[in-house]
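As a plain string of letters, each chain reads:
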Amino acid sequence: MSVWKKLLWFGVAGLGTWSVAMLALSRGEQISALWIVAAGFCALSISYRFYSNWLATKVLVLNEARATPAVLQNDNKDYVPTNRWMVFGHHFAAIAGPGPLVGPVLAAQFGFLPGTLWILIGATLGGGVHDMIVLFASIRRGGKTLGQMVKDEIGPGVGMLALVSVLAIMIILLAVLALVVVQALAQSPWGVFTIAVTIPLALIMGIALRTGKVSVVAVTIFGLFGLAFAVWGGQFLTHFPAIEAWFRHDQKWLAWAIMFYGLAASILPVWMLLTPRDYLSTFLKLGTVALLAGAVVLIHPMLQMPAITKFIDGSGLVFAGPVFPFVCITIACGAVSGFHSLIASGTTPKMIRRESRIRSIGYGAMVTEMMVALMAMIAACVLQPGEYFAINTKGASTEVVAKVSAAGFPVTEAEMQKLATDLGESTMFNRAGGAPTFAVGMAHMFARVSAKPTALALWYHFAIMFEALFILTTIDAGTRVGRFLLQDFLGNVWRPLGNTRSWSANFFSSLLLVAAWGWFLYAGVIDPLGGINSLWPLFGLANQLLSVVALCLGTTLLIKMHKNRYLFVTLLPLCFMCAVTFSAGYLKVFSSDPRLGFLSGATSLSREASGMVDPTKAAELTRQAGVWRFDAVVAVFFLVLVLAIVLGSARQWWQLIRGTKRVVMHESKFVPITAAQLAEF
C-alpha cells in the first residue's frame, strides 16, 4: 500500500473516531445528524476494506478455483448461477426486512447514542462475520441449510434440535413480517399498485435474462423505468376512482394475496420471480436510503432526541426493558440477525458463481444494511421527542399527552393534530410499532428540500409504501428458505419429501409452510388483540436466538479447520449474543414488571378482569392473559432448545480441542472450476 493510501485510510479512521467522540460526548446541546452518517460511512469503509478482507484471506481462505454448488448442481430451479449484482440485490433485499427500519426507531427511546454504538459495533464485528461464515459454510457444503449443517457438523441430536427450533422460529418470523406488510398496505391503493406492478416486471426480466439474448444492463434499465412508473404513478390513482378500486383492499384480502405470493415465490424457479424482483426492489431500497443520506448532508438536521434518555432504566414509554439487553434485541437486523443465516444458507449459496463473492455479498450486504439502520435512527431522532413518544405511546390522546409531558418531553394535542393534518392523516396517536415514526421522520427531511405545501403528506405516504416493499422481499425469500428447512425435516420422516428436485415435494412443502405462517397471520388480522400481534415481543428474541445457533456452527467449523487462533472471530460475538438473548429471555418471561414479563403481565390482566363489571371487556382481558401465558411457553421452549444447542456445541469443542474426538468435515469434495464456468454474465 502506497504512502498516500495509508494517509487516506488514517484520515478515514480519524474522521470515524472523531464522529463517534462527538456523538458520545454531547450532553445537553443539539448535535448534527451528519456525525452519525460520517461514523457509519467510516465504519463501513474500514471494516469492509480490512476486516472482511482478512476474514476472506486468512480465516476462511476463499478459493477462486473451487466450483460452487450453483455451477456443479445447476438445475434451473433452485441452483442457478447468477450474475453477482443480481445475487447481491437478492441477498440484500432478503435480509433487509423490518429490523433495520423499525428496530432503530423503537430503540431511539433510549436516546440516539446506545442504538448508534450497537449498530456500528454489532454490524462490523458481529453481523458481518455471522453472515459471511454461514454463507461460506453453506457453499462449501453444497448449499445445505443451517439446520442440516448443524446436524452434520455438531451432531445428530443437536442438529435435530436445531431443525425444530429454526423451523418454529422461522414460521413466527414470517407471520410477523407478513402482518407488518398487511397493516401498511391496507386501504392503500398506491402501495398495492406499486407492489403489484413489480411482479410482472420481475417475470419479464427473469424470462428475458433466461433467453440469453438480453443483457443484464438492458434488463436493468427496463426494470428501473418500470419501477419508476410503479412508484410515481401510484399517487395519481385518486384521479381514476374505478381503477383505484382495483387496488384498495382490506387486511383479509391482502393476507390471502401475500400467502399466494409467498407460495408462488417458493415454487417457481428462482430465476423467474424471486431473484429479479428482489434485485429490482434493491434499487428502490438503496436509492431511497441514498436519497435520505443526501438529504441529511444537504439540510444537516439536528438530532432533537438526547444522547441518552431517562428510559435506559427500563421504564420506557414505547416498550419496557432496560437498555441492556433490549437495545440489542430491538434493533435486531440492523446489527446482528439470525434471520440472515437462513438466507445465507438458503437461496443465496445456490446462486453464487465464485467463492470470492462471499465477501462482497455476505459481509458487504450486512454493512450496507448497517447504513439503513443508521438512517432509521436519524429519522426517529430528528423529530421532536414529544412527538416521537406521543406517536409510539398507546392510550387516549389526553392520557398520552399528559404521560409524555410528565416524562419531560412536552407536547400538546394541538401540535399532534397539526402534524396529522400536514401528513394527510386523521390522527397520529396510537401509531406504535416504529414504521409510522420512520415514515414521519423521513417525510420531514424530504419535505424540507421541497417548497410544496403538500410535500410532507406525499413523502409520508411514499415512505409507508417503501416500508411495505422493503419488508415484502424478506417474506418471499424467507418462504423459499423455510421450504428448504421443512424439506430437511420432512426428509427424515420420508426421504422423497426431502428431494428439492421434485416438483411435487416442493409444492407440498411450500403449501405446508405457507399454511403454517398464514394461519398465524390470518389470526392476527381477524383478532387484533391476540394472534400474531401478541407474538411481536418474541420477534427480536427469536431472531437473536437464531444468531446464537449460527455462531455455534461457525465456531465449530473454525475448530475443525484447525483455526483455533482465530476462534475469537466467532466466539466473542457468540458469548455476547448468549448474554443478550438469555438475559432478555429471562426478563421477558419472569420479570415482576407486568409491562415487561409475560407471566406477571398475564397475572395482572387476570386480576383486572376479575374486578370488571362488563363481561365483554373481562373476557377480552382474560383472553389476552391467556395469550401472554402462551408467549411465555413459546419463549421458554425456544430458550431451552437453543441452550441445549449451545451446551452440545461446547461439549464437542472441548472434545475436538483435547483431541478425544476425531475431526470429521462434511465439506464437499474439491472440484476445480473450468475457464468457461468462470465467465461472468
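Look a little higher up for the structure.
Remember, it's a predicted structure, so these values are computed and weren't measured experimentally.

Chemist: Help me get a handle on empty space enclosed by the protein, residues and values and all.
Modeler: This model, assessed by the stated rule, comprises two cavities of 30 Å³ or more. Forming the boundary of the largest cavity are P98, L173, L177, C333, F339, T474, F539 and N543. Elements represented by at least two residues in the lining of the largest cavity include exactly helix 8 (156-185) and helix 23 (536-560). Residue composition of the lining of the largest cavity, by class: six nonpolar, two polar and no charged.

Chemist: Explain the layout of surface pockets to me, using residue names and the numbers behind them.
Modeler: If you roll a probe as big as a water molecule over the atoms, it shows you where there is empty space left. Quantified by volume, the second largest pocket comes out at close to 430 Å³. Lining the second largest pocket are 18 residues, and of these Q148, Q487, D488, G498 and T500 sit closest to its centre. Among the elements that make up the lining of the second largest pocket, the one with the highest residue count is helix 21 (residues 455-491) (four residues). When its residues are assigned to classes, the lining of the second largest pocket shows two nonpolar, eleven polar and five charged.

Chemist: Can you explain helix 8? Please cite residues and give values.
Modeler: End to end, helix 8 covers 43 Å across 30 residues, agreeing with the expected 44 Å (1.5 Å per residue, within 8%). Most of helix 8 sits inside the fold, with 22 of its 30 residues counted as buried. Downstream of helix 8 by one or two residues, Q187 has phi in the positive range, about 60°.

Chemist: Provide a residue-level description of the packing of aromatic side chains, including the pertinent values.
Modeler: The relative placement of two aromatic rings is captured by the distance of their centres and the angle of their planes. The final tally for this structure, using the stated rule, is 23 aromatic pairs. Here the aromatic rings of F193 and F229 are separated by 6.0 Å at their centres, their planes lie at 70°, and the arrangement is edge-to-face. With F193 in helix 9 (residues 189-211) and F229 in helix 10 (residues 216-233), this pair connects stretches of sequence that are 36 residues apart. Residue class for F229 comes out partly exposed when judged on its relative accessible area of 46%. Through a chain of ring-to-ring contacts, three or more aromatic side chains come together here, namely Y51, W54, Y363, Y566 and F568. Above the ring of W503, the side-chain terminus of K77 is found at 5.5 Å from the ring centroid. The ring of Y48 is capped by R359, whose NZ or CZ atom sits 4.4 Å from the centre of that ring.

Chemist: Residue-level account of the packing of helix 9 against helix 10, with values.
Modeler: Where helix 9 meets helix 10, the closest approach of the two axes is 9 Å, and the angle between their N-to-C directions is 165°. With respect to helix 10, the axis of helix 9 lies roughly antiparallel. The chirality of how helix 9 crosses helix 10 is right-handed. Each of W190, F193, T194, V197, T198, L201, I204, M205, A208 and L209 in helix 9 lies in contact with helix 10, whose residues at this interface are V216, V219, F222, G223, G226, L227, F229, A230, V231 and G233.

Rules used in this analysis
Residues numbered from 1 in each chain as written. Predicted model: local features only at pLDDT ≥ 70, side-chain atom pairs only at ≥ 80, totals over all residues. Heavy atoms only, no water. 1 Å grid on protein atoms, 1.4 Å probe; cavity = no way out; pocket = protein on both sides within 12 Å on 5 of 7 lines; lining within 4 Å. Points joined across faces, edges and corners; volume = space filled by probe spheres on them. Helix = DSSP H or I, 4+ residues; strand = E, 2+ residues; numbered from the N terminus. Nonpolar A, V, L, I, M, F, W, Y, C, P; charged D, E, K, R; others polar. Expected span 1.5 Å × (residues − 1). Buried < 20%, exposed > 50% of the residue type's maximum accessible area, 1.4 Å probe, protein only. Phe/Tyr/Trp six-rings, centres within 6.5 Å; stacked < 30°, edge-to-face > 60°. Lys NZ or Arg CZ within 6 Å of the ring centre and 35° of its normal. Axes fitted to C-alpha atoms, helices over the stretch in contact; angles between N-to-C directions. Parallel < 35°, antiparallel > 145°, perpendicular 65-115°, else oblique. Left-handed = near helix turned anticlockwise from the far one by under 90°. Contact = heavy atoms within 4.5 Å.

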